[in-house]
Amino acid sequence: MLTKTAKFLAPVAVLAVFIAGALLMPTGQREESVAVAGGGGATAGTADADLCAAIEPLKGDHMAKLICHETAFNPMGASFTDADDQPMSVADLSGKIVLMNFWATWCPPCRAEMPSIDRLAGAVAGDDIAVMAVSTDRGGRDKIDRFFEEIEVEYLAIYRDKKSELARDAGAMGLPITIILDRQGREIARLIGEAEWDSPEAKEILTALAGLTS
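On a predicted model such as this, the values are computed, not experimentally measured, just so you know.

Colleague: Give me the lowdown on the environment of R186, citing residues and values where you can.
Modeller: Tracing the backbone through its elements, the reader meets R186 in the loop between strand 7 (177-181) and strand 8 (187-192). Separated by 110 residues in the primary sequence, R186 and M76 have C-alpha atoms spaced 7.6 Å apart.

Set out below in structure tokens:
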């Protein structure tokens, strides 16, 4: 039988775990979690859960690590720079399904998966889908240019998050991390670590998300 102290501490422990988990979430997810806890956002949550249910059978072996969020995260607010070194934000990508890969030239698994991300961009990027590699390298872009030339990138542009502000906003605690954004710029899925991004599974998931949200 539980003692009075144990009965008191049990709910406190549960609350502590919830708070700790929330603090480790990206900013947007914390806001969504509060809404769900308060009974709000049920319609959006149901729609996101339906998307997750639709793509789950498509994951296969290559996308097994992809985590789909039954309640999407709010859009990230930090800015980053485009291929012309001009500032932009996630809001500029509105209307597209976006695969956004955070990487750096000093990261071996990032370098290893980049050719597959480039091939994915060539296969699926268009009016409905964007594939972006966002470098968190500090300093100039010379090292990024050299790496892209080395692996003969054909389709990817160079996007830069020079101060890692966007990566922090996304809760990217390590590299590589790849997130998928819906047409409103909300994160609906993420994969931590290296993956074969030009696999049939990855292509099917992105095209399915574009079709389901058109």
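Colleague: Got a sec to walk through helix 4 (residues 108-124)? Specific residues and values, please.
Modeller: Look at helix 4: 25 Å from first C-alpha to last across 17 residues, which is about the 24 Å you get at 1.5 Å a residue. Within the span of helix 4, buried status applies to C110, E113, M114, S116, I117, D118, L120, A121 and V124. Residues of helix 4 that are buried sit in contact with strand 4 (97-103), strand 5 (129-135), helix 5 (142-150), strand 7 and helix 7 (200-212).

Colleague: Would you mind going over the confidence of the model for the protein chain in detail, with residue names and values included?
Modeller: Overall, the predicted model of the protein chain reaches an average pLDDT of 84, with 79% of residues at or above 70. Scored below 50 in pLDDT, residues 1-24 makes three contacts in the model with residues more than four places away or belonging to other chains. Across residues 27-43, where pLDDT falls below 50, the model places 16 contacts with residues more than four positions away in sequence or in other chains.

Colleague: Provide a residue-level description of the environment of D145, including the pertinent values.
Modeller: Mapped onto the elements, D145 comes out in helix 5. Residue D145 is classed as partly exposed on the basis of its relative accessible area, which comes to 23%. Between the C-alpha atom of D145 and that of I158, which follows or precedes it by 13 residues, the distance is 8.2 Å.

Colleague: Provide a residue-level description of the pairing of strand 4, including the pertinent values.
Modeller: On a regular strand, one side chain projects to one face of the sheet and the next to the other, so that they alternate. The buried count for strand 4 comes to seven of seven residues, which makes it a mostly enclosed element. Of the two faces of strand 4, both are covered, the one formed by I97, L99, N101 and W103 as well as the one formed by V98, M100 and F102. Note that strand 4 and strand 7 share five bridges and pair antiparallel. Pairing of M100 across the sheet is with I179, part of strand 7.

Colleague: Break down the nonpolar core for me, with residues and values.
Modeller: Formed by 35 residues in total, the largest nonpolar core has its most connected members in V131, F148, L156, I180 and W197. The set of elements that each furnish at least two residues to this core consists of helix 3 (42-55), strand 4, helix 4, strand 5, helix 5, strand 8 and helix 7. The residues touching F148, leaving out its near neighbours within four places in the chain, are W103, M114, V153, L156, A157 and I158.

Colleague: Describe the state of the cysteines, and please don't skip the residues or the numbers.
Modeller: Counted by the stated rule, this structure contains two disulfides. Each sulfur of the disulfide joining C52 and C68 lies 2.1 Å from the other. Disulfide C52-C68: the torsion about the S-S bond is -85 degrees, which places it as left-handed. In this pair, C52 sits in helix 3 while C68 sits in strand 1 (residues 67-68), placing the two residues 16 residues apart along the sequence. You can call C52 buried: its relative accessible area is 7%. The disulfide bridge from C107 ends at C110, spanning 2.3 Å between sulfur atoms. Disulfide C107-C110: the torsion about the S-S bond is 75 degrees, which places it as right-handed. Take C107 and C110: they sit in the same class, and that class is buried. When the bonded cysteines of the protein chain are counted from the start of the sequence, the pairing works out to 1-2, 3-4.

Conventions adopted
- Residues numbered from 1 in each chain as written.
- Predicted model: local features only at pLDDT ≥ 70, side-chain atom pairs only at ≥ 80, totals over all residues.
- Heavy atoms only, no water.
- Helix = DSSP H or I, 4+ residues; strand = E, 2+ residues; numbered from the N terminus.
- Expected span 1.5 Å × (residues − 1).
- Buried < 20%, exposed > 50% of the residue type's maximum accessible area, 1.4 Å probe, protein only.
- Contact = heavy atoms within 4.5 Å.
- pLDDT = per-residue confidence, 0-100.
- Pairing = 2+ DSSP bridges.
- Core = buried A, V, L, I, M, F, W, Y, C linked by side-chain atoms within 4.5 Å.
- Disulfide = S-S within 2.5 Å.

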